[in-house]
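The lines below spell out each chain.
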Amino acid sequence: MTLSLQILTAFLFITATASSPPPSGFTMDLIQRRTNSPSSQRSNTDDQLRSSPYADVVFDNYEYLMKLQIGTPPVEIEAIVDTGSDVIWTQCLPCLNCFNQSNPIFDPSKSSTYKEKQCNTPNDPSCDYELTYADQSYSKGSYASETVTIKSTSGQSYMGKNMHGAFSYCLSPGGASKINFGSNAIVSGNGTVSTPMFLKPGFGFYHLNLDAVSVGETRVETLGTPFHAVDGNMIIDSGSTACSLPTSYCSLVWEAVEKFVTAERVTYADGLLCYKTNTMDVFPVITMHFSGGADLVLDKHNTYISNGHAICLLILCKEEALFGNTAQNNFLVGYDHSSRLISFKPTDCEVAQDIPRDSISAALVLQFNIKFVLFIFVLSLIRL
């Protein structure tokens, strides 16, 4: 296992340092790491992706990573692409309790561009943070600024305001994936649906507003439940595998599934809704109805998972609502900060990744400065 830097919503707020003319956008490959993970599939596209420069994303325990370099001179790391968090971090030396990662731990003392943030408190001038994730893993560290280097094949070097606060990704369940920035991130064309993006004060997440869930032909409204909202009630989270809904509303969705499925129900300790069957045919199609008329019809591989003995619904009953990365598989998902819209386009992400390399032989290096969280102490691995 590799402990990874988290690349989060900060991509919208990057300050660039470069002198060459700005491009309109660029793309990166994502790396996929997974262990005993489900898969999903969908239809094809996309000329949009084929004309784009790009960079790498990976998948571990149903997580997608991208390769970055940090510091001067640059040190390569792998970073989780996680829209459900608002801090960027990696392990740093000195570290007494660091997780045993395969890549070298970053040593800020060897970087000429590392600068620890000062919070001007009398007893401790360093600016410390601590965060806990939904799976109860957590981390501690100190805020700092550092240079991040991204390799691209675009033939251009620049990142900043010309990216227009836009990015998109196409997550494949079993192959190459992509993340796009700037004009390359535009999601449009046949099949595209868009829904408002809600950014709430005090929360560094992207919220969607879920109006209803259809289980086959049965529509389960949020209206009349505590879950109902008009200003965002569901976090879109590329760093989580499954979807989740608040228990009171989730139980209504589960009931609709139970009425549809005739196979024998089986119980597992993880609390999933599972049935003893080896075919997806017995399950209903799930449609997520987001505000603005964005009806997202999910493939069955987006919403169900097989463990070899049973098939389970990948909608969990939890305290908070998350739209996880399995549900996003084989969609081109675009975040447009200027229009405050999140768009979805059904796409065969694996097929769409066959993008011709740029004619330029060497990969170009993009450099930009961002507010960066560097681990001084790490007490556990996030998302083991």
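For every chain, the first residue of the written sequence is number 1, and numbering continues from 1 along that sequence. Residues qualify for local features only when their pLDDT is at least 70, as the model is predicted, and side-chain atom pairs are given and counted only at 80 or more; totals for whole chains, interfaces and linings, by contrast, use all residues. The side-chain values count all of the structure's non-hydrogen atoms but skip hydrogen atoms and water molecules.

To be explicit about the condition: UniProt positions are given in the numbering used here, feature names are shortened, and annotations may be inferred rather than shown by experiment.
As recorded by an unreviewed UniProt entry, the chain carries the name BnaA04g16330D protein and is attributed to Brassica napus. Listed under Sequence similarities (unreviewed entry) in UniProt, the entry text for the chain is "Belongs to the peptidase A1 family."

**Considerations on the sheet that holds strand 24 (residues 311-313)**
Here is the rule we go by: Pairing between two strands is assigned when DSSP locates at least 2 bridges connecting them. Think of it this way: any DSSP run of H or I at least four residues long counts as a helix, any run of E at least two long counts as a strand, and we number them from the N terminus. Here the axes come from fitting lines to C-alpha atoms, over the contacting stretch only for helices, and the angles between their N-to-C directions go from 0 to 180 degrees.
Within the open sheet, the 4 strands sit side by side as 19-20-24-23. Their pairing is antiparallel. With partners counted over all chains shown, the strands left at the sheet margins are strand 19 (264-266) and strand 23 (304-306), one partner each. Adjacent strand axes in the sheet meet at a mean angle of 35°, parallel and antiparallel pairs treated alike. Judged from the 3 bridges that link them, strand 19 and strand 20 (residues 273-276) form a sheet pairing that is antiparallel.

**Some points on the side chain of Asn-184**
Which entries qualify depends on this criterion: To sort residues, take the accessible area from a 1.4 Å probe on protein chains only and compare it with the maximum for the residue type: under 20% means buried, over 50% means exposed, and anything in between is partly exposed.
Note that Asn-184 resides in the loop between strand 12 (177-182) and strand 13 (193-196). By relative accessible area, which is 10% here, Asn-184 ends up buried.

**Points about the pairing of strand 12**
Counting buried positions along strand 12 gives 6 out of 6 residues, so the element sits mostly inside the fold. The pairing of strand 11 (residues 166-170) with strand 12 spans 4 bridges and is antiparallel. Following the sheet pairing, Tyr-169 is matched in strand 12 by Ile-179.

**Some thoughts on the state of the cysteines**
Quick reminder of the rule: Any pair of cysteine sulfurs within 2.5 Å is marked as a disulfide.
Scanning the model with the defined rule gives 5 disulfides in all. Put simply, Cys-119 and Cys-127 are joined by a disulfide, and their sulfur atoms are 1.9 Å apart. The side chain of Cys-274 participates in a disulfide bridge whose partner is Cys-312; the two sulfur atoms lie 2.0 Å from each other. Taking the torsion about the sulfur-sulfur bond, which here is approximately 105°, the covalent link between Cys-274 and Cys-312 counts as right-handed. Placement of the pair is Cys-274 in strand 20 and Cys-312 in strand 24, with a sequence separation of 38 residues. In the chain, the bonded cysteines, numbered by position in the sequence, are linked as 1-2, 3-4, 5-10, 6-9, 7-8. Free cysteine: Cys-92, not disulfide-bonded; nearest cysteine sulfur from Cys-98 at 7.9 Å.

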